[in-house]
Amino acid sequence: EVDNMQQVIERIREAGVIAILRGNNPRRLEKRAFELVNLGCKAIEVTLDSPSALDIVRKLSAEMNPEEVVIGVGTLLNIELIDDCIQAGAKFALSPVSPPHMIERCHEKGLLAIPGVSTPDEMSEAIKRGAQIIKLYPSSNWELDMLSGIDTPWIPVGGVNQYNIDEWLENGAFCVGMGTHLCGSDLDCDGEDDWGQEEAQVARGIFKELQRRGGVT
């Protein structure tokens, strides 16, 4: 299991960005996942507070090439769901916090835990509990000087956008997590009309830039 988790960590690093899909329209989320992959996305997180989240994970896991795209879940607050997440095909699990036993239970079962921390104390605590990779959430709580000397890989989430992604990646971020600013603001909307051109263009630009940096191969 440890080898598998190391592989997932490496895949996340290569991805450069985790696309965070959250919304009330499952069909739209699913379609957007494929659109993002077509643009070059290599890591997708479906948040568990989205309706039919695990069905979406199951479908993406079945239809996408596992060599190309790594799929996980987000907003894991109830650790009783870990088995269901694994069965659906998730390879990693993010949480906005660090729920009791989340790290230990995920790692026992071979699911990479990415707990959320909002202060240096929470970060130390998560690392002590075995976290191999940390989510800085919200990223606005963190200044770069708070992160010097931290060896555990960290991923800023919440507030990362096209204007500051480069700054994060150039200053030590292992990867970043992006929701609306990458995946679009229409994932709660009814119907199945197309992704707005302007937002799709922003996403295309982000993946182009990652490819240029060598973050995505």
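Residue numbers restart at each chain and count upward from 1, following the sequence in its written direction. Where totals are concerned, whole chains, interfaces and linings use all residues; where local detail is concerned, this predicted model gives features only for residues with pLDDT of at least 70, and gives and counts side-chain atom pairs only at 80 or more. Hydrogens and waters are ignored; side-chain quantities use all the structure's heavy atoms.

This paragraph deals with the overall build of the protein. Every helix listed is a DSSP run of H or I at least four residues long, and every strand listed is a run of E at least two residues long, numbered separately from the N terminus. Across its full length, the protein carries nine helices and nine strands. Restricting the calculation to C-alpha atoms gives the radius of gyration, and the globule rule supplies 2.2 Å times the number of residues raised to the power 0.38. The globule rule puts the C-alpha radius of gyration for 217 residues at 17 Å, and the 16 Å found for the protein is close to it. The principal-axis extent of the C-alpha atoms belonging to the protein is close to 45 × 35 × 30 Å. Counting every position in the protein, which comprises 217 residues, the buried fraction comes to 50%. Should any heavy atoms of two residues lie within 4.5 Å, those residues are counted as being in contact. In the protein, 54% of the contacts between residues at least 6 apart in sequence involve partners at least 24 apart. What sets the accessible areas is the Shrake-Rupley method with a 1.4 Å probe; for residues, cover comes only from the shown protein chains. Counting only carbon and sulfur atoms, one obtains 45% of the accessible surface of the protein, whose full area is about 10,200 Å². Asp and Glu count as negative and Lys and Arg as positive, but His and the ends of the chain are not part of the count. In this description, the location of a charge corresponds to atom NZ of lysine, CZ of arginine, CG of aspartate or CD of glutamate. Side-chain charges in the protein split into 20 positive and 35 negative, and the spacing between the mean points of these groups amounts to 4 Å. Burial classes follow relative accessibility: with a 1.4 Å probe on protein chains only, a residue under 20% of its type's maximum area counts as buried, one over 50% as exposed, and anything between as partly exposed.

The next point concerns the environment of isoleucine 44. On the secondary structure map, isoleucine 44 appears in strand E2 (residues 43-47). When its relative accessible area of 0% is taken as the criterion, isoleucine 44 is described as buried. C-alpha separation for the pair isoleucine 44 and asparagine 78, spaced 34 residues apart in sequence, amounts to 20 Å. Among residues more than four places away in sequence, those in contact with isoleucine 44 are Ile18, Ala19, Leu21, Ala33, Val37, Leu60, Met64, Val69, Val70, Ile71, Gly72 and Phe92.

Here we come to the pattern of salt bridges. As a working rule, side chains carrying opposite charge can pair if their charged atoms are close by. A side-chain nitrogen of Lys or Arg and a carboxyl oxygen of Asp or Glu constitute a salt bridge if their distance falls within 4 Å. Within this structure, the stated rule accounts for 17 salt bridges. Here aspartate 55 and arginine 58 are joined by a salt bridge, their closest N and O atoms 2.9 Å apart. Pair noted here: aspartate 55 and arginine 58 are both in helix H3 (residues 53-63), with a separation of three residues, about one helical turn. Owing to a relative accessible area of 40%, arginine 58 belongs among the partly exposed residues under this scheme. Salt-bridge contacts for glutamate 209 lead to arginine 212; the nearest nitrogen and oxygen are separated by 2.7 Å. Note that glutamate 209 and arginine 212 are positioned in helix H9 (residues 197-213) at a spacing of three residues, about one turn of the helix. A relative accessible area of 61% places arginine 212 in the exposed class.

Quick look at the state of the cysteines now. Cysteine sulfur atoms that come within 2.5 Å of each other are treated as a disulfide pair. Per the counting criterion, the structure on display carries zero disulfides. For the unlinked cysteine cysteine 106, the closest cysteine sulfur is that of cysteine 85, found at 7.9 Å. Overall, the relative accessible area of 0% leaves cysteine 106 in the buried class.

Our focus in this paragraph is the environment of glutamine 162. Inspection of the secondary structure puts glutamine 162 in the loop between strand E8 (154-156) and helix H7 (165-170). Using a relative accessible area of 37% as the deciding quantity, one classes glutamine 162 as partly exposed. Distance in space between the C-alpha atoms of glutamine 162 and glycine 23 is 21 Å, their sequence separation being 139 residues.

Glancing now at unusual backbone geometry. Across the junction of tyrosine 137 and proline 138, the peptide omega takes the value -10 degrees, indicating a cis bond. As for its position among the elements, proline 138 is in the loop between strand E7 (134-136) and E8. Unlike most non-glycine residues, serine 52 shows phi in positive territory, near 60 degrees. Take serine 52: it is sitting in the loop between E2 and H3. One non-glycine residue, histidine 101, adopts positive backbone phi at about 70 degrees. With respect to the helices and strands, histidine 101 occurs in the loop between strand E4 (92-94) and helix H5 (102-108).

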